[in-house]
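# Examination of the molecular architecture
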Number of protein chains: 2
Amino acid sequence: MTPASTGDLLITNIRPHGGAPTSMLIRAGRIAAFGAPEGQGVPTFDGQGRLAIPGLVEAHAHLDKTLYGMAWYVNDVGPRLIDKIDNERAAKRSLGIDAKRQSARQVALTVGHGTTHIRTHVDVDTDCGVSSIEGVMATRDAHADHVTMQLVAFPQSGLLIRPGTLDLLDAAMRLGADAVGGLDPCAIDRDPKGHLDAIFGLAQKHGKGVDIHLHEPGEMGAFSMELIIERARALGMRGQSVVISHAFCLGMPDVAVVDKLLADLAAAEIAIMTTAPPSRPVPPVMRARAAGVVVGAGSDGIRDTWGPYGNGDILERAMFVGQRNNLRKDSEVEVALDICTHGGAAMMGLADYGLTVGNPADLVLLDASCPTEAVVARPRDRITFKSGRMTARGGAALFQVP
Amino acid sequence: MTPASTGDLLITNIRPHGGAPTSMLIRAGRIAAFGAPEGQGVPTFDGQGRLAIPGLVEAHAHLDKTLYGMAWYVNDVGPRLIDKIDNERAAKRSLGIDAKRQSARQVALTVGHGTTHIRTHVDVDTDCGVSSIEGVMATRDAHADHVTMQLVAFPQSGLLIRPGTLDLLDAAMRLGADAVGGLDPCAIDRDPKGHLDAIFGLAQKHGKGVDIHLHEPGEMGAFSMELIIERARALGMRGQSVVISHAFCLGMPDVAVVDKLLADLAAAEIAIMTTAPPSRPVPPVMRARAAGVVVGAGSDGIRDTWGPYGNGDILERAMFVGQRNNLRKDSEVEVALDICTHGGAAMMGLADYGLTVGNPADLVLLDASCPTEAVVARPRDRITFKSGRMTARGGAALFQVP
């Protein structure tokens, strides 16, 4: 059969979450029933006994600045965060990194691996203005049938240290960005109160959430996190409308401090996002979830001027989450996968995500006996559906990009 | 063309280590010349401009006990090392883990990804005796044309704490094992002097080297490492005939202690092996190499009762080494690949390894512009030659296993 185009489909013989074989009836792109027999007057797709999992959620990307598909970039950047920031801002012009073209390429790459939802942080600065926001919005609109996208207006080069950036963030929000971004209020912006008051103020003005890059480690990061929690509480921003990305300070050795922060995050309904980097302290995902904190996961930048790694495969990200947190039991590896599906969806505030009747039919079929095998084997032969329409097969998106 | 069977071959249009395109003339399985024109009276293989790297070196495997190819094993094992050891010894019988069959399966898996050399640790204990040694030796002999294998007789369940094991290790060495293994002289065997004297004595008796699993962290591991260095010096065991696998203690925060240990390891010509696990302290590979220490890398156990991860892809291991050590520059990622090729070969004491005239023609061709792209993209379409004979293509070995 050919990819369904109407959003009406009967997928037979699939095993949702590794359970018993069943069928999934899809009508107008949404899951209408499980266990429906054939003869529904809709096209049929034979799942051949494959495992079915919800569409993978890329909860933290930087689509506007990947170099994927461009000439190989020889990286010789310095070790500090600010080295990478300055190097990148210059490289955008010298290399001609076009946000629209590059974001489309990464969309195709990651949808090819089974992604159905993306939150991407998009650079806003006094060099590029809101042009990257506009480029990624064009990609979002062009691929609305292939992936659900959220944009965070992200002051990558600093906010208060680069006057004019706050106005540009305001402009990005007027254009329709979904959340206000932030970045290391102490380490980069040198004024934690000023930085956080500015971005929370902007979020309040536009009635949107915030998603803050917090790389600051140890006690400095814990201090910034406390300031974020105080503001979320004071403004009544609940329900994961505040997200702290990276949250490396939660990987500090002082378990008592970490547990208190986790409890406060959970009470304030603030979510965290981890990429589970092997060389950095990371939030302990099992303890975070046990405390009630919503945890999503994402790729961060891939194939960019920051570093050469990454392929946009969120199933591989689940493996990284599992390995970084030393998750070995099947029940634990399933948590890593849950973070890369339901966790990311909750972090993004998606109300109708998951393999439940009534939700959009966003799912991935793969040749694995169980969810843990899917994570560790990462079979390439995946079949992805977005609102009941096939978007990818065999590791490749079924649509063209520049 | 079909896989060469004579070991005579001209491979045209390849880029060794990412350099200028050239040809490689192979006679009787060894590299005879670079840049030879066609018309040598040997079959020709068109490299189509691919990158050529030396055959990948799996410097630390446990071929005898992978579950790869068996029914999915639901892991629910406890968190301590001893939990995993005891669980595994029992599982070998209950699951019927056949060392000969399983080692052959992992050989095919890892050769499929481009491996040409393997050092494997093989369990010797009072339950299985030397039967696993015999099984893996059968695999080694059956696949001698496909991969070079070294066996380490490994007291996985402890040496002195399980009387009779030392005699079995002696028997394994008489059967022809290549090195004497050891395991956490403090943490597992509870008698560091007794453990190390026993295994070094056995190595001396048989004129072989040692390769010791040292998971012990921090000061305890540093203490055991000092004891190992003392014995290597006293016995004049130079030239990487002593290997310390894992060496987690070198990941301790006290840089002064680590640098002293690295200097002593280098002076004693003791090599280390890292799997670069994301959730454990690890040896800092750049500092180790700068100090002059030989560093190899390996998969450790894959798909076994210890955990579900791993696929035997040593190019993926290079990515792990790079990410765990935060290697981002091209020049640094090339070091990660070097550890997974020349480093492992030096650790194994291979005298004739590498893309140099006179050496066996052990190489991998892949579709990547440069070594760093090979590591981060890990293209599946690899073509592997062992002594000039094609052993794998497209991610799969060209030979059959049970």
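Residues numbered from 1 in each chain as written. Chains lettered and ligands numbered in written order. Predicted model: local features only at pLDDT ≥ 70, side-chain atom pairs only at ≥ 80, totals over all residues.

## Brief notes about the pairing of strand 2 (residues 22–27) of chain A
All names here are of chain A.
- In terms of strand pairing, strand 1 (residues 9–16) meets strand 2 through four bridges, oriented antiparallel. By the bridge assignment, L10 is partnered in strand 2 with L25.
- Two strands pair when backbone bridges link them, and strand 2 and strand 3 (residues 30–34) are joined in this way by four bridges, in the antiparallel orientation. Bridge pairing links I26 to I31 in strand 3. (Pairing = 2+ DSSP bridges. Helix = DSSP H or I, 4+ residues; strand = E, 2+ residues; numbered from the N terminus.)

## Quick word on the relation of the copies chain B and chain A
- Expressed as a screw transformation, the operator carrying chain B onto chain A has a rotation angle of 180° and an axial translation of 0.0 Å, and the superposed copies differ by an RMSD of 0.0 Å. Look at the turn and shift together and you get a two-fold axis relating the two. When C-alpha distances to the rotation axis are compared across chain B, the minimum falls at B:P278, with a value of 2.3 Å.
- Of all interface residues in chain B, 100% are interface residues in chain A too; the two copies therefore contact each other through one and the same surface. (Least-squares fit on C-alpha atoms with pLDDT ≥ 70 in both. Contact = placed C-beta atoms within 7 Å.)

## Structural notes on the domain arrangement of chain A
All names here are of chain A.
- The domain architecture assigned to chain A consists of domain 1 (9–54 + 355–397) and domain 2 (56–347).
- Using only C-alpha atoms to locate each centre, domain 1 and domain 2 end up separated by 29 Å.
- Across the boundary between the two partners, domain 1 contributes 19 residues, which contact 23 residues of domain 2.
- At five residues, the largest contribution of residues to the side of domain 1 that touches domain 2 is made by helix 11 (residues 371–377). (Domains from an automatic or database assignment.)

## Quick look at the sheet that holds strand 8 (residues 179–183) of chain B
Residue and element names in this part refer to chain B.
- Strand order in the open sheet formed by eight strands is 5-6-7-8-9-10-11-12, and the pairing between neighbours is parallel. Two strands in the sheet have a free side with no partner beyond their single neighbour: strand 5 (56–61) and strand 12 (295–297). Across this sheet, the average inter-strand angle for adjacent strands is 25°, counted without regard to direction.
- Of the strand pairs in this sheet, strand 6 (residues 115–123) and strand 7 (residues 148–154) are connected by seven bridges, and their pairing is parallel. Of the residues in strand 7, the one forming a bridge with I118 is M149. (Axes fitted to C-alpha atoms, helices over the stretch in contact; angles between N-to-C directions.)

## Structural notes on helix 4 (residues 165–175) of chain B
All names here are of chain B.
- For helix 4, the full list of buried residues reads T165, L168, L169, A172 and M173. End-on, the buried residues of helix 4 take up no more than an arc of 145°, which puts them together on one face. For helix 4, the exposed residues lying more than 90 degrees away from the buried face are D167 and R174. (Buried ≥ 20, exposed ≤ 12 C-beta atoms within 10 Å, placed from the backbone. Arc of directions from axis to C-beta.)

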